[in-house]
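One-letter residues, chain by chain:
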Amino acid sequence: MPSYTAPVKDQMFVLNELLKISEQDVPGYDELDRDTLDAILGEAAKLAGDVLAPLNAVGDTQGCVLENGVVRTPEGFKAAFDQVREGGWTALDCDPEYGGQGLPYLVSTAVGEQFSAANMAFNMYQGLTHGAYSAIHAHGSDEQKATYLPKMVTCEWTGTMNLTEPHCGTDLGLMRTKAVPQEDGTYKVSGQKIFISAGDHDMSENVIHLVLAKIPGGPEGIKGVSLFIVPKFIVENGQPGARNGVSVGKIEEKMGIHGNSTCVMNYDEATGYLLGEAHKGMRAMFTMMNEARIGVGLQGFAQAEAAYQNAVIYAKDRLQGRDVTGAKNPDGPADPLIVHPDIRRNLMDQKSFVEGARAFTYWGAAMIDRAHKCEDKAADGLISLLTPVIKGFLTDRGFDMAVQAQQVYGGHGYIEEWGMSQFARDARIAMIYEGANGVQALDLVGRKLAQDGGKHVMAFFAMVTDFIKETKGRSEGFEKDFREPLKKASKDLQSAGMFFMQNGMKNPNAALSGSYDFMHLFGHVCLGLMWAKMAVAAEDALAAGASDTAFYETKIATGRYYMARQLPLTGTHLARIESGAETVMALDAEAF
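The structure presented is a predicted model; accordingly, all values stated were derived computationally and were not measured. (Residues numbered from 1 in each chain as written. Predicted model: local features only at pLDDT ≥ 70, side-chain atom pairs only at ≥ 80, totals over all residues. Heavy atoms only, no water.)

Engineer: Whenever I open this one, the overall build of the protein confuses me. Can you help?
Structural biologist: Helices and strands together make up the secondary structure of the protein, namely 18 helices and eleven strands. Taken over the C-alpha trace, the protein has a radius of gyration of 24 Å; the compact-globule value for 592 residues is 25 Å, and the two agree within 12%. On the principal axes, the C-alpha backbone points of the protein span a range of 80 × 60 × 55 Å. Counting only residues that meet the buried cut, the protein has 58% of its 592 residues in that class. Intrachain contacts of the protein at a sequence separation of at least 6 include 74% that bridge at least 24 residues. (Helix = DSSP H or I, 4+ residues; strand = E, 2+ residues; numbered from the N terminus. Rg over C-alpha atoms; globule rule 2.2 N^0.38 Å. Buried < 20%, exposed > 50% of the residue type's maximum accessible area, 1.4 Å probe, protein only. Contact = heavy atoms within 4.5 Å.)

Now the structure itself:
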């Protein structure tokens, strides 16, 4: 069975030496000294490795079962969920007014990486709840907050988001679920929603559904969508009371994340409560969707991390063939797999991606903290720009890396008992839900680049340019291995943006045909920037006489690999973007 060990040392490097969070002016960061962070991440690591990871395969093989209208989770899930709740892990960054610990979102992100890598399906139950909590916290009335948030912070009650219907996914303006106003101010919600993660289960007393629906007589399309709180049990005097008109039609049979109950939800004149303003449901829902998209990007690299760890163990243990430069295990029948250059390439692809993705995601989480705690509009604009990149690029590449980890095992990687299949199957959904990655690319190019007059993408370009200027003359190795590759990749990104500006208005397809490549080009530049910054931090640590020289030298070598072997892909993506839409749109629909 696969194992998982939380990469606390790498997490601490990003938090303390790359982001230097205790030196930042974000409220709460000054309290995050090394000892505090080490204690939090260390305890989370024990829970992830000892409790959650052993249940990962259990959840995959047993799945969830619908029995007489009740959803049963896999064996051991409820006890583990109780342990997570009782340890306060669901409340890390929640508002103290409602029982939260008030820690920065960045801390929750780091802990979330560990839990997601250990057991992605399990962690989704509290992840969805946190998203619903955030939407109610941002848009709910004082009464709604007081009613729902304390129990959602502790996950005594869990939460969901209900968007998709059988006939509409991304195009939510087509939804048919309706909410009919009642004289008492409530609504009767009727309709069917599908693909509802954590839609029902046996681990909490109540499930608080956030449901998108249309109020009859409202505007057509997406402008007529409202958001409603629809509890599984009506809350009476702070406790679950009468059963609402909500039921599970079935549990979806899925490719992966079997331990999470993905439900068809039926609403039959269920009592609902308007959240926020009527016909402004998408604004409220996007509060949780944007948070969820960062979390899904995290899932992408977290699954890659877990798969990579196991691939390394196998590569060091499995004896196959001889090193072409001379036997490394002369007393054995063969050398371990890890001596072979193509296995090294495979593992270096994984390692360099995961560590770069971690830095990128934590940087994004720090921007969310700055936006929320400092009301920093520049940070808010930048993370809005980067969210589709974090979600789309990291999940695409995270799945690729899970597959590469599976490849290290050869035939055993295809056999379920080795567990590598689960990482690939679980990672695959991250490319689809919370907005399929093609939609993320369209959002990036169609909306985010031009947002606020394009000032956020220009701020990103300026940030990279300033870093390149500031690091001139550091060392010959840094110049050749990091600074120059980053400069070239950044120019590729700017050239792609210029192509869209020159061609997008007169031929929108020219921009949209290149949107997916642009998302990946942007992602590579972001990871290149992170690696160059990590190389600076590692060089500075070595210059200061750090005792663990091997750690920092390994960090620099891993970054050097990314800059040499992965970052040049920006040129390929640029060439594809500049080829325009002609070849993409050449065939009539009938020719396919």
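Back to the text.
Engineer: I would appreciate a short explanation of the packing of helix α10 (residues 377-408) against helix α13 (residues 455-470) in the present structure.
Structural biologist: Each pair of packed helices gets described by two things: the angle between the helix axes and the distance between those axes. Contact geometry for α10 and α13: axes closest at 9 Å, N-to-C directions at 95°. In terms of their interaxial angle, α10 and α13 are classed as roughly perpendicular. Counted together, Lys377, Ala378, Gly381, Leu382 and Leu385 of α10 and His456, Val457, Phe460 and Met463 of α13 form the full contact between these two elements. (Axes fitted to C-alpha atoms, helices over the stretch in contact; angles between N-to-C directions. Parallel < 35°, antiparallel > 145°, perpendicular 65-115°, else oblique.)

Engineer: When you look at the pattern of salt bridges in this model, what are you seeing that I'm missing?
Structural biologist: Side chains that differ in charge, positive against negative, can pair when their charged atoms come close. Enumeration over the complete set of coordinates arrives at 33 salt bridges. The salt bridge partner of Glu539 is Arg474, with a shortest N-O separation of 3.1 Å. Of the two residues, Glu539 sits in helix α16 (residues 515-543) while Arg474 sits in the loop between α13 and α14 (476-503), which places them 65 residues apart along the sequence. By relative accessible area, which is 33% here, Arg474 ends up partly exposed. When the shortest N-O distance is used, the salt bridge between Arg483 and Glu484 registers 3.7 Å. (Salt bridge = Lys/Arg side-chain N within 4 Å of Asp/Glu carboxyl O.)

Engineer: What am I meant to see in helix α6 (residues 120-139) here?
Structural biologist: In an α-helix there are 3.6 residues to a turn, and that puts residues three or four apart on one side. Helix length check: α6 (20 residues) gives 28 Å between terminal C-alpha atoms against 28 Å at 1.5 Å per residue, within 8%. Along α6, the sharpest change in direction is near 25° and occurs at Gln126. Most of α6 sits inside the fold, with 16 of its 20 residues counted as buried. (Expected span 1.5 Å × (residues − 1). Bend = angle between axes of the 7 residues up to and from the residue.)

Engineer: Would you mind going over the side chain of Glu17 with me for this structure?
Structural biologist: When you line up the elements, Glu17 lands in helix α1 (residues 8-18). Arg34 provides the closest opposite charge to the buried, unpaired Glu17, separated from it by 4.2 Å. Among the polar contacts listed, one links the side chain of Glu17 to the side chain of Tyr552, at a separation of 2.8 Å. With near-sequence residues (within four places) excluded, Glu17 lies in contact with Met12, Arg34, Ala537, Ala541 and Tyr552. (Lys, Arg positive; Asp, Glu negative; His and termini not counted. Polar contact = N/O pair within 3.5 Å; in protein donor to acceptor, adjacent residues only side chain to side chain.)

Engineer: Looking at this model, I keep getting lost on the environment of Leu19. Mind explaining?
Structural biologist: Considering the arrangement of structural elements, one finds Leu19 in the loop between α1 and α2 (34-52). Residues Leu19 and Ala366, spaced 347 residues apart in sequence, show a C-alpha to C-alpha distance of 8.3 Å. Look past the residues within four positions of Leu19 in its chain and what remains in contact with it is Val14, Gln24, Leu106, Tyr362 and Trp363.

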